[in-house]
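Residue-level structure breakdown
Spelled out, the chains give:
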Amino acid sequence: MSGNMGMEQLIPIVNKLQDAFTQLGVHMQLDLPQIAVVGGQSAGKSSVLENFVGRDFLPRGSGIVTRRPLILQLIHHPHEYGEFLHKKGEKFTNFDEIRKEIENDTDRITGNNKGISNLPINLRVYSPNVLNLTLIDLPGLTKVPIGDQPADIEQQIRQMIMTYILKDSCLILAVSPANSDLANSDALKLSKDADPDGIRTIGVITKLDLMDDGTDARDVLENKLLPLRRGYVGVVNRSQKDIEGKKDIKAAMAAERKFFLGHPAYRHVADRMGTPYLQRVLNQQLTNHIRETLPGLRDKLQKQLLAMEKEVEQYKHFRPDDPAIKTKAMLQMIQQLQNDFERAIEGSGSAAINTNELSGGARINRLFHERFPYEIVRMEFDEKELRREIAFAIRNIHGIRVGLFTPDMAFDAIVKTQISRLKEPSLKCVDLVVQELTNVVRNCANRMSRYPRLQEETERIITQHIREREQLCKEHILLLNDCELAYMNTNHEDFIGFANAQQSSETSSKSGRKLGNQVIRKGYMSISNLGFMKGGSRDYWFVLTSESLSWYKDEDERDKKYMLMLDGLKLKDIEQGFMSRRHVFALYNPDQRNVYKDYKELQLGVETQDDMDSWKASFLRAGVYPEKVSDTSNGEESGSEMSTSMDPQLERQVETIRNLVDSYMKIVTKTTRDLVPKALMHLMINNSKEFIMGELLAHLYACGDQNAMMEESPEEARKREEMLRMYHACKEALRVIGDVSMATVSTPMPPPVKDDWLATGQESPRIGQTGPPSPGGNMRRGPPPAVSRAPPPVPGGSRPAPAIPSRPTPAPPARQGGNAGGLPPPLIPSRSGGGGGSSNPSVSQRVQQAAVNAAAGAAVNAATNELLSSFGFKK
C-alpha cells in the first residue's frame, strides 16, 4: 500500500479524465511532470524518492550507491509489480528482488568497484496506488574519484544530471544534508543553472536528526537564510539501522512527525516539515499542472462539440424504420442529385468548386473547342500523303489515255476519302463526352452513400440512359458524315472553284496563319532537351503569337530569352521518359534544319495532359500542325517512281486538285466542328439532364420495394451511433473537467526572492555552524533537546545572570508557551503626534498606553524567565 495519500487522492481525478477521453476516442496526454532528485553523495536522495513512491525498493548503503540514472515510470494499473526494460516480460512482484536486480544490473555495466555510467536503468512499476509519473534517481555529486571512477567524475555526473533537469517538465528536488555548507551546495547551483527563475526547484534539507547538539536549521527552513522561491522542506529519513531492521515507511513517517513536534526549534513549523508535507507540495504541483492543462482540453472539446452540433441534430430524432422519413430522404437525395448535376454541367456555381482540375461542363467544353479540333487537324493535314493520293487518282482516271484537262472525278474521290476520315475524331469525341458524363453522375451520386442500394440503382439507371443516347448520338453523327459524302456542294459561297484554284496555289499554304501578330496563349513551360547548366530544368514564361514563339525569364516579360519564328514548323509528340513526370511535345522543321541554336527540335514540357492538349490547340490556331504518322513503307518506292515520271502538266493538275480539296475540306471541317458539339449537346447532354429532372424518380419507383432501397448501410448506421456516442461523451468530458476544476485547488506561484547568493557563490556559514550570528538572519545556536544532556550546574548567587542574545532578524513566530496570553508586542508611543492627531495626548490616551505597556512588559518578563530556565538558570 502506498504511503503517499495525496497521490491516492489525485488518482480518481486523473482516472475520471482518462475514462471520459477514452470514451470520446480522443488521446488525452496530461504529460505529468517528471520529478528528479539532485544532491551530493549520501545526501538521502534515494530515500526522498522512496518516500514519495511509498515503497522501499532502492539500493542503500554508504558512499556512492546510485551509480547509474534510474528512470522510474509509475503506471496506474490494477495489479502491483515491476518490470525492467532490459528484462521485458519478466514481472517482479517482490520489491526486494527489484532492489537486487538494480544492484546486479548496475554492477554488470559499471563493475563492482564504484564505477559510474550514464546508461540509465529503466524500471516500470505498475500499481493501483500511483499516478502515471516519471521519477529520476540520479547519482550523487562527488569531487574525488575512487575505484574505477574516471578523473573527470564531477564533470561527467554534472552533465548527466543537467541532461534530465533542463527539461521544462521536470520538478527538481535539490537535496542538501543539514550539516553541509548550504551556500556551496552543488544541488542548488545545478538547480539555479537549469531553473534560473526557481519555478521548478524545491529545497529539501535532510539529516536534521544528525545535527550537532545545540545547533538547528530553523532559519533555513523558515526561508530566511539563503532563501529559495519555493522555500525548503525538512525531512528525516530512516537510518541505516532502521533499514536493516526492516522499519517500514509508515513507521518512519510517524517517527519523523514525533521528531519535529518534539524539537523546540521545529515544533512551530512542524506542519510544514516532513515527508507528508513534501508529498503534498509535489502533489499540489501535479494538481496545478492538471489544472493548467484543463483549459486547453476544454477548448478542444468545445470546438469538437460545436463541429458536431449540426450533424448530430438530424440524428437526435432519427428513426431508421419510419417510412415517412425514408420517402422524404429519397426525395431530398434525388433533388440534390438534380441540382448537383445541373451545376456540374452548366457551371451555375456550387459551394464545393473543384480548384485542382477541370471537371464536368468545363472539361466537356475543352473537349469541344481544343481536343476535338486538334484531332481533326491531325487527321487532315498531311501534305505529302495528300499529294500522293491526288496524283494516283488523276493517273488512274486517265488510264491509258493522256489527259488534257483536270478530271473532277479525282476531286470527288479525294474529298470523299478526306470526309470519311472525319468519322474517327467525331466518334472519339462522343466517347470522351460519355466518359465525362459518367464521371459527373458518379460524383453526384456519392452523396447517396448513406443508402448504397439507392446509389447503385440511381447510377445504373442514369448510366444506362447515357449509353442508349450514346448509340443514338453516334448514329446521328455518322448520318451527318454520310450526308457530306452524298453531295459535293461545289457552288458553296466559300468554295474557290476551278477558276481560282491555280491562282491561289502560292498562298493557300499560308492562308491558315493570316491572323495578324496577335497573342494566342501565354503560360509556363520548360525546355526539356536543354542541359541542366543551360537552364533546361527551370520553367520559362512562353508567349505564343500567330507568327512567333517567345520565352522570358518570368511573367514580367522583361528579360527575353529567345524568339522563334513559326514559319514551316511542325508539331509532334515525344514519348514520356521513365522517370519524367512532365508531358512533352516538340517543334521541328520538316526540312531537318535547326530550330533553336544547334538543336533540330525544341522539346517543350508541361505539368499535365490538359495543359499539353491546350497548348497543341493553340499552336493549331497559329498554323503549326502536327505530323501525320502513317505507313510509308511503299510510299518511298511509289514516290520515287512518281517523281521520276511526273510531267509538268500532271504537277499543275495535282496542285489544282490540292487547292480545290483544301478549300472544300475547310468548309466540311468547319461544319463538322460546329455540328458535332451541337448534336452531342442536344442528343446526349441536354437529354440526360431532362431525364434526371423528369423521369429518374419514376424509374426508381418502378424498380421495386422502396423500403429495401432506402436501407441504411452498416457503415452509416455505425457512423450515426458513433457520432451520437462521441457527442454525449464530449458533453460528459466537459462536465468532468468542470467537476475537476471545482474539486481541485490551484496554489499561486510564490513571489521571487533575492537569491543572489546562488549566483555569486559567496561564503556562508554551514548549517549548524557555532559562533556568533552574522547580520541578515544567520544560522543560530538553538536550544538542544532536553534529553540530550544534563543541565549545567547552578551558578552562584553572586554571579549575574547572562545577557539574553539579541537576534538582528525579526522575532520568530511565538512558540508554544512563548507568549503569555498571546499579547501583541508593546507599542512605542509616538513623540511627533503624526497621523493627524494632537501633539499632546489626552489623559485617557495616556492611561490606555500605560496599560498596554504594562501588559507587554509582563509578557517580556515571562518569556525571559522561560528562556533562562531552558538554559538551566534559576531565578
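Preceding this paragraph is the structure being described.
Attention in this report is confined to the structure presented alongside it. (Residues numbered from 1 in each chain as written. Predicted model: local features only at pLDDT ≥ 70, side-chain atom pairs only at ≥ 80, totals over all residues. Heavy atoms only, no water.)

Some thoughts on the sheet that holds strand 2 (residues 70-76)
- Taking strand neighbours across the sheet as the criterion, the eight strands line up as 3-4-2-5-1-6-7-8 in an open arrangement whose pairing is mixed. Here the strands that pair on one side only, and so sit at the sheet edges, are strand 3 (81-84) and strand 8 (232-234). The sheet shows a mean angle of 25° between the axes of neighbouring strands, taken without regard to direction.
- Strand direction decides the pairing type here: strand 6 (residues 170-177) and strand 7 (residues 201-206), joined by six bridges, are parallel. Each residue of the ladder has a partner; that of Ile172, found in strand 7, is Thr201.
- This element, helix 3 (residues 95-110), spans strand 2, strand 3 and strand 4 (121-127) of the sheet and lies at about 170° to strand 4.
- Where helix 5 (residues 186-194) meets the sheet, its contacts fall on strand 1 (34-39), strand 6, strand 7 and strand 8, and the angle it forms with strand 6 comes to roughly 160°. (Pairing = 2+ DSSP bridges. Helix = DSSP H or I, 4+ residues; strand = E, 2+ residues; numbered from the N terminus. Axes fitted to C-alpha atoms, helices over the stretch in contact; angles between N-to-C directions. Contact = heavy atoms within 4.5 Å.)

A look at the sheet that holds strand 16 (residues 625-626)
- Spatial ordering of the open sheet is given by 12-11-10-9-15-14-13-16, a layout of eight strands whose pairing is mixed. For this open sheet the edge positions go to strand 12 (560-565) and strand 16, each flanked by a neighbour on one side alone.
- Sheet topology note: the strand 11 (residues 548-552)/strand 12 ladder contains five bridges and is antiparallel. Residue pairing across strands places Leu549 opposite Leu564, the latter belonging to strand 12.

Topic: the pattern of salt bridges
- Evaluation of the coordinates by the stated rule reveals 30 salt bridges.
- Among the salt bridges present, the one from Arg158 reaches Glu154, with a minimum N-O distance of 3.4 Å. In this pair, Arg158 and Glu154 both sit in helix 4 (residues 153-165), four residues apart, roughly one turn of the helix.
- The class for Glu154 is partly exposed, based on a relative accessible area of 26%. (Salt bridge = Lys/Arg side-chain N within 4 Å of Asp/Glu carboxyl O. Buried < 20%, exposed > 50% of the residue type's maximum accessible area, 1.4 Å probe, protein only.)

As for helix 8 (residues 249-262)
- The end-to-end C-alpha distance of helix 8, which contains 14 residues, comes to 20 Å, matching closely the 20 Å that a straight helix rising 1.5 Å per residue would cover.
- Looking only at helix 8, the buried set comprises Ile249, Ala252, Met253, Glu256 and Phe260. Viewed along the axis of helix 8, the buried residues span an arc of 100°, placing them on a single side of the element. In helix 8, the exposed positions angled more than 90 degrees off the buried face are occupied by Lys250 and Lys258. (Expected span 1.5 Å × (residues − 1). Arc of directions from axis to C-beta.)

Structural notes on the nonpolar core
- Ranked by size, the top nonpolar core spans 61 residues in total, and within it Val433, Leu437, Leu454 and Leu680 carry the most contacts.
- A total of 15 residues in this core trace back to one element, the largest contributor, which is helix 19 (residues 648-694).
- Contacts of Leu437, omitting those with residues within four sequence positions, involve Phe341, Ile345, Ile364, Ile466, Met684, Ile685 and Ser688.
- Grouped together as the second largest cluster of nonpolar side chains are 41 residues, Leu141, Ala183, Ala194 and Tyr232 included. (Core = buried A, V, L, I, M, F, W, Y, C linked by side-chain atoms within 4.5 Å.)

As for the packing of helix 10 (residues 323-346) against helix 15 (residues 452-486)
- Contact pair helix 10 / helix 15: the axes reach a minimum separation of 12 Å and the direction vectors enclose 40°. Taken together, the axes of helix 10 and helix 15 are oblique relative to one another. Crossing of helix 10 against helix 15: the hand is right-handed. Residues Met330, Met333, Ile334 and Leu337 of helix 10 pack against Leu454, Thr458 and Ile462 of helix 15. (Parallel < 35°, antiparallel > 145°, perpendicular 65-115°, else oblique. Left-handed = near helix turned anticlockwise from the far one by under 90°.)

Regarding the pairing of strand 1
- Within strand 1, six of the six residues are buried, leaving the element largely enclosed by the surrounding structure.
- Residues Gln34, Ala36 and Val38 of strand 1 are buried on one face, and the alternating residues Ile35, Val37 and Gly39, pointing to the opposite face, are buried as well.
- Relative to strand 6, strand 1 runs parallel, the two sharing six bridges. By the bridge assignment for strand 6, Ile35 is matched with Leu171.
- In this structure, strand 1 lies alongside strand 5 (residues 133-137), joined through four bridges in parallel fashion. Looking at the pairing, Ala36 lines up with Ile136 of strand 5.

Some remarks on the packing of aromatic side chains
- For the coordinates displayed, the defined rule picks out 13 aromatic pairs.
- Relative to Phe619, the ring of Trp615 has its centre 6.2 Å away and its plane inclined at 40°; by these criteria the two rings are tilted. Pair noted here: Trp615 and Phe619 are both in helix 17 (residues 609-621), with a separation of four residues, about one helical turn. One exposure class covers both Trp615 and Phe619, and it is buried.
- The rings of Phe542, Trp551, Tyr562, Tyr596 and Tyr599 are connected pair by pair, giving a single aromatic cluster.
- Lying over the aromatic face of Trp615, Arg521 brings its terminal NZ or CZ to 4.7 Å of the ring centre.
- When the ring centre of Tyr588 is taken as reference, the NZ or CZ atom of Lys572 above it lies at 5.1 Å. (Phe/Tyr/Trp six-rings, centres within 6.5 Å; stacked < 30°, edge-to-face > 60°. Lys NZ or Arg CZ within 6 Å of the ring centre and 35° of its normal.)

Structural notes on the pairing of strand 6
- Counting buried residues along strand 6, eight of its eight residues qualify, which places the element largely inside the surrounding structure.
- Burial along strand 6 is two-sided: the face carrying Cys170, Ile172, Ala174 and Ser176 and the face carrying Leu171, Leu173, Val175 and Pro177 are both buried.
- In terms of handedness, the path from strand 6 via helix 5 over to strand 7 forms a crossover that is right-handed. (Right-handed = clockwise from strand over helix to strand, strands pointing away.)

Some details on the side chain of Thr215
- Within the secondary structure, Thr215 is located in the loop between strand 7 and helix 6 (218-221).
- Assessed through its relative accessible area of 6%, Thr215 is described here as buried.
- At 2.7 Å, the side chain of Thr215 forms a polar contact with the backbone oxygen of Asp212. (Polar contact = N/O pair within 3.5 Å; in protein donor to acceptor, adjacent residues only side chain to side chain.)

What about unusual backbone geometry?
- Of note, the phi angle at Asn223 is positive, near 65°, even though the residue is not glycine.
- In this fold, Asn223 is placed in the loop between helix 6 and strand 8.
- The exposure class of Asn223 is partly exposed, given its relative accessible area of 21%.
- Here Lys597, not a glycine, exhibits a phi torsion of approximately 55°, which is positive.
- Along the chain, Lys597 turns up in the loop between strand 14 (583-588) and strand 15 (601-606).

So, the environment of Asp591
- As for its placement among the helices and strands, Asp591 is situated in the loop between strand 14 and strand 15.
- Along the sequence, Asp591 and Gly568 sit 23 residues apart, while their C-alpha atoms lie 8.7 Å from each other.

Some thoughts on the state of the cysteines
- Taken as a whole and judged by the stated rule, the model has zero disulfides.
- No disulfide involves Cys429; its nearest neighbouring cysteine sulfur is the one of Cys473, lying 8.8 Å away. (Disulfide = S-S within 2.5 Å.)

Section: the environment of Asp408
- Relative to the helices and strands, Asp408 resides in helix 13 (residues 408-420).
- Once the C-alpha coordinates of Asp408 and Leu660 are considered, the two residues, 252 residues apart in sequence, prove to be 9.8 Å apart.

Here's the deal with the packing of helix 13 against helix 15
- Relative orientation of the contacting elements helix 13 and helix 15 amounts to 175°, with a least axis distance of 10 Å. Taken together, helix 13 and helix 15 sit at an angle that is classed as roughly antiparallel. Residue-level inspection shows Lys416, Ile419 and Ser420 of helix 13 in contact with helix 15, the latter providing Asn481, Glu484 and Leu485.
- Tallied by class, the residues present in the contact of helix 13 with helix 15 amount to two nonpolar, two polar and two charged. (Nonpolar A, V, L, I, M, F, W, Y, C, P; charged D, E, K, R; others polar.)

Describing the environment of Leu437
- Relative to the assigned elements, Leu437 resides in helix 14 (residues 423-445).
- Spatially, the C-alpha atoms of Leu437 and Ile345 are 8.7 Å apart, while their sequence positions differ by 92 residues.

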